[in-house]
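# Coordinate analysis (summary)
One-letter residues, chain by chain:
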Amino acid sequence: MNLFATGISHKTAPVEIREQLAVKQSEIVDLARYLKCFCHLDEIVLLSTCNRVEIYGTTRRATGHIKSLLQLLCAEPSDLDPHIYLYEGAAAARHLLRVAAGLDSMVLGETEITGQIKNAYEIARKAGLTGRVLNRLFQRAFQATKEIRTRTGIGRGTVSIKSTAVELIGKTDLSQQSIMVLGAGEMAENCVRLLVKKGAKSIFISNRSFDRALDLATRCGGEAVCFGYCLFEMRDVDVVIAATSSAETLLGRDDVENLMKARRNRPLLLIDLAVPRNIDPAVRGLEHVALYNIDDLEAVARRGVQARERELVACHQIIEAHVAALIEKLNPEDDRLSAEERKNRWVPDPLATPSNLLPTAA
């Protein structure tokens, strides 16, 4: 049984590529079933977030075709090969543990990814797409993440991309800013709650479903705006945050150009947290308009990570111990091997201190 992890992330592909592979949550199970059948997989978990699209799986066949799995998700013909990574065996397990702990995130140590992975795993498990190997792998990832959070300071003082966006807005007094949020889902709600916590007083929420916008506005002290009127209301706001799951462009260059005329060119800050993007990148060429997408926020998010980076060695050591234990569990025949043979079956991560991490004979 070959365990593998393949995908693209913010480290290997810009948002222009990632948005081509983005999968709606409502389509996860059907696509995972298709990939499992079409590519002869035994188990599969499909993970799709703003920063990564990854497939974790097992197969009895050779893994030479695995990288092509991502191509099947691509919305447009594109050469994805330079952007795709593929890990097998212990390296695949190590990769998941790092991702789950926030060590591979835009913001080092962020915790949101843990919940996203738990959700992806639960969807696959309930759909009957996982089995012995992936169940043990993902449970091990959650155990390792908990230990890392408990024993190290990697998550101390971390910020998410959403709070980075709020930080960007908060360079001026948030109580004096008028902000419109497009979307009413989890991502939008997290933004609204952060804005309120940081002192924002004037928040407008617009969504295709007015009832959802009204519900969020009522719970968070904002004001709901009919989606058809959001451009009209944007004439008087200072900031627009796009945070929907729509695959369509919601604000085009022409929309913003006409909007700026109505605003008499009063500066407008646009923050696009969505993947696929909700705001046409061509608006960057307009005067008095500042646009930040999720990749642009990475530079802002890097501030203050030095202290957390010092915790990385301890984190890698914890991960290596868990990877070694997992590989031993998945290969019970190892009990019949000598200590030297067992070492040869598991190659430790060079980023960790290996001297006391190699598995020993029972």
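An account of the accompanying structure is given in this report. (Residues numbered from 1 in each chain as written. Predicted model: local features only at pLDDT ≥ 70, side-chain atom pairs only at ≥ 80, totals over all residues. Heavy atoms only, no water.)

## Considering the overall build of the protein
Per the secondary structure count, the protein includes 15 helices and 10 strands. In the protein, which comprises 362 residues, the proportion classed as buried is 51%. Counting contacts in the protein only where the partners sit at least 6 residues apart, residues at least 24 apart contribute 71% of the total. (Helix = DSSP H or I, 4+ residues; strand = E, 2+ residues; numbered from the N terminus. Buried < 20%, exposed > 50% of the residue type's maximum accessible area, 1.4 Å probe, protein only. Contact = heavy atoms within 4.5 Å.)

## Notes on the packing of helix α4 (residues 90–100) against helix α6 (residues 132–151)
In the contact formed by α4 and α6, the axes pass within 9 Å of each other and the chain directions differ by 45°. In this view, α4 runs oblique relative to α6, as classed from their interaxial angle. As for how α4 packs across α6, the hand of that crossing is right-handed. On the side of α4, the interface is formed by Ala93, Leu96, Leu97 and Ala100, while α6 contributes Leu137, Phe138, Ala141, Ala144 and Thr145. Tallied by class, residues from the contact of α4 with α6 come to 8 nonpolar, 1 polar and no charged. (Axes fitted to C-alpha atoms, helices over the stretch in contact; angles between N-to-C directions. Parallel < 35°, antiparallel > 145°, perpendicular 65-115°, else oblique. Left-handed = near helix turned anticlockwise from the far one by under 90°. Nonpolar A, V, L, I, M, F, W, Y, C, P; charged D, E, K, R; others polar.)

## So, α6
Here α6 is 20 residues long and its end C-alpha atoms lie 28 Å apart, about the 28 Å a rise of 1.5 Å per residue gives. Lining the buried residues of α6 we find β1 (2–9), β2 (43–48), β3 (52–59), α4, α5 (112–126) and α14 (312–330). (Expected span 1.5 Å × (residues − 1).)

## Quick look at the packing of aromatic side chains
Here the structure, examined in full by the defined rule, presents 6 aromatic pairs. With 5.5 Å between their ring centres and 25° between their planes, Tyr34 and Phe38 make a pair best called stacked. Residue Tyr34 and its partner Phe38 are located together in helix α2 (residues 28–38), separated by 4 residues, close to a single helical turn. Residues Phe138 and Phe142 carry aromatic rings whose centres are separated by 6.5 Å and whose planes lie at 55° to one another, so their mutual orientation is tilted. With a gap of 4 residues between them, Phe138 and Phe142 both fall in helix α6, about one helical turn apart. These aromatic residues form a ring-pair network of at least three members: Tyr56, Tyr121, Phe138 and Phe142. Here the basic side chain of Arg235 rests over the ring of Phe232, its NZ or CZ set 3.6 Å away from the ring centre. (Phe/Tyr/Trp six-rings, centres within 6.5 Å; stacked < 30°, edge-to-face > 60°. Lys NZ or Arg CZ within 6 Å of the ring centre and 35° of its normal.)

## With respect to the sheet that holds strand β9 (residues 268–272)
Strands sit in the order β7-β6-β5-β8-β9-β10 across an open sheet of 6 strands; the sheet is parallel. Two strands bound the open sheet, and with one partner strand each, they are β7 (223–226) and β10 (289–293). For this sheet the average axis-to-axis angle between neighbouring strands, irrespective of direction, equals 20°. On top of the sheet, helix α7 (residues 161–169) reaches β5 (178–182), β8 (239–242), β9 and β10; it is set at about 175° to β9, its chief contact. (Pairing = 2+ DSSP bridges.)

The values reported here are purely geometric and, on their own, carry no functional implication.
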